[in-house]
Structure formats: C-alpha cells, structure tokens
Amino acid sequence: QVQLVESGGGLVQSGGSLRLSCAASGTFFSINVMGWYRQAPGKQREMISTITSGGTTNYADSVKGRFTISRDNAKNTVYLQMNSLKPEDTAVYYCKADIVVIVPQRGLDYWGQGTQVTVSS
C-alpha cells in the first residue's frame, strides 16, 4: 500500500532545466534514503543521486554540479533540480525510497513508475 509518484518530466532543449518531484503515499512508518535513478533505452538503470533523511547527499559523477537533490520530510517528497541539461540526460527517471512500513522491520525499497525526461540538441 505504499506508492511513489514522480512528476515534472518533459521535453527541454539542451541547457534547459527541469525539476522532478516524487511523493510517497500510503501507510508507512518512515522513509530512510530516497534517490533518483535513470534508465535510457537499452541501457542499465543507474543511480543519479541519493539523499538521507538527515540531508546527506550523493551524486553520480555525470551529474555533479548540474543536479541538486533535496527532500521535504514533512511532505514525504524528494526533488531533483536538473540544470544545464544535456541530450545524454535523456532517460526515464525513477524515484526510489527505502521505506519502513512496519516497525521494527528494516526498510524496503520502493520504486516509482518513472517520468520521461527528453533533452533535445
């Protein structure tokens, strides 16, 4: 009964910006690490950025300096601000969250359905 819903994807030109959001809904106790992943056609899914509940962030080398991850714990939402977008950023972007549904059970990974980001040259 836990669901993650991404939004904010779309089509932009190279150099443009987009802001993705992912909101968790349903019945759960808490959310640990949240993150963004992406997958281009024919390629494996890769980690883009993660953020802990305390705000510690991690970025893939390919997006460092361009993307910024943040979260609003009160809203159970994680964001990804994407600036200076490149055609290589084109992919389906997925939200993932480590969610504790029942205490004291360890958190389990939940995935959103993905949102398409297309960057034209």
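Look above for the structure.
Nothing here was measured: the structure is a model prediction, and the numbers come from that model.

## Some details on the packing of aromatic side chains
And then number 1: On inspection of all chains with the given rule, the structure shows two aromatic pairs.
And then number 2: Relative to Trp111, the ring of Tyr94 has its centre 6.5 Å away and its plane inclined at 80 degrees; by these criteria the two rings are edge-to-face. One end of the pair, Tyr94, is in strand β9 (residues 91–100); the other, Trp111, is in strand β10 (residues 108–111), with 17 residues separating them in the sequence.
And then number 3: Each residue in the set Tyr37, Tyr94 and Trp111 is aromatic and connected to the rest through ring pairs, giving one cluster.
And then number 4: In this structure, Arg19 packs its charged tip against the face of Tyr79, placed 4.2 Å from the ring centre.
And then number 5: One residue, Arg45, lies across the ring of Trp111, its end atom 4.6 Å from the ring centre.

## Some points on the pattern of salt bridges
A pair can form between side chains of opposite charge whenever their charged atoms are brought close.
And then number 1: Evaluated as defined, the whole model comprises five salt bridges.
And then number 2: A salt bridge links Asp61 to Lys64; the shortest N-O distance between them is 3.0 Å.
And then number 3: Of the residues examined, Asp61 reaches a relative accessible area of 64% and is grouped as exposed.
And then number 4: Taken together, the shared-partner salt bridges in this structure form one network comprising Arg38, Glu46, Arg66 and Asp89.

Conventions used here
Residues numbered from 1 in each chain as written. Predicted model: local features only at pLDDT ≥ 70, side-chain atom pairs only at ≥ 80, totals over all residues. Heavy atoms only, no water. Phe/Tyr/Trp six-rings, centres within 6.5 Å; stacked < 30°, edge-to-face > 60°. Helix = DSSP H or I, 4+ residues; strand = E, 2+ residues; numbered from the N terminus. Lys NZ or Arg CZ within 6 Å of the ring centre and 35° of its normal. Salt bridge = Lys/Arg side-chain N within 4 Å of Asp/Glu carboxyl O. Buried < 20%, exposed > 50% of the residue type's maximum accessible area, 1.4 Å probe, protein only.

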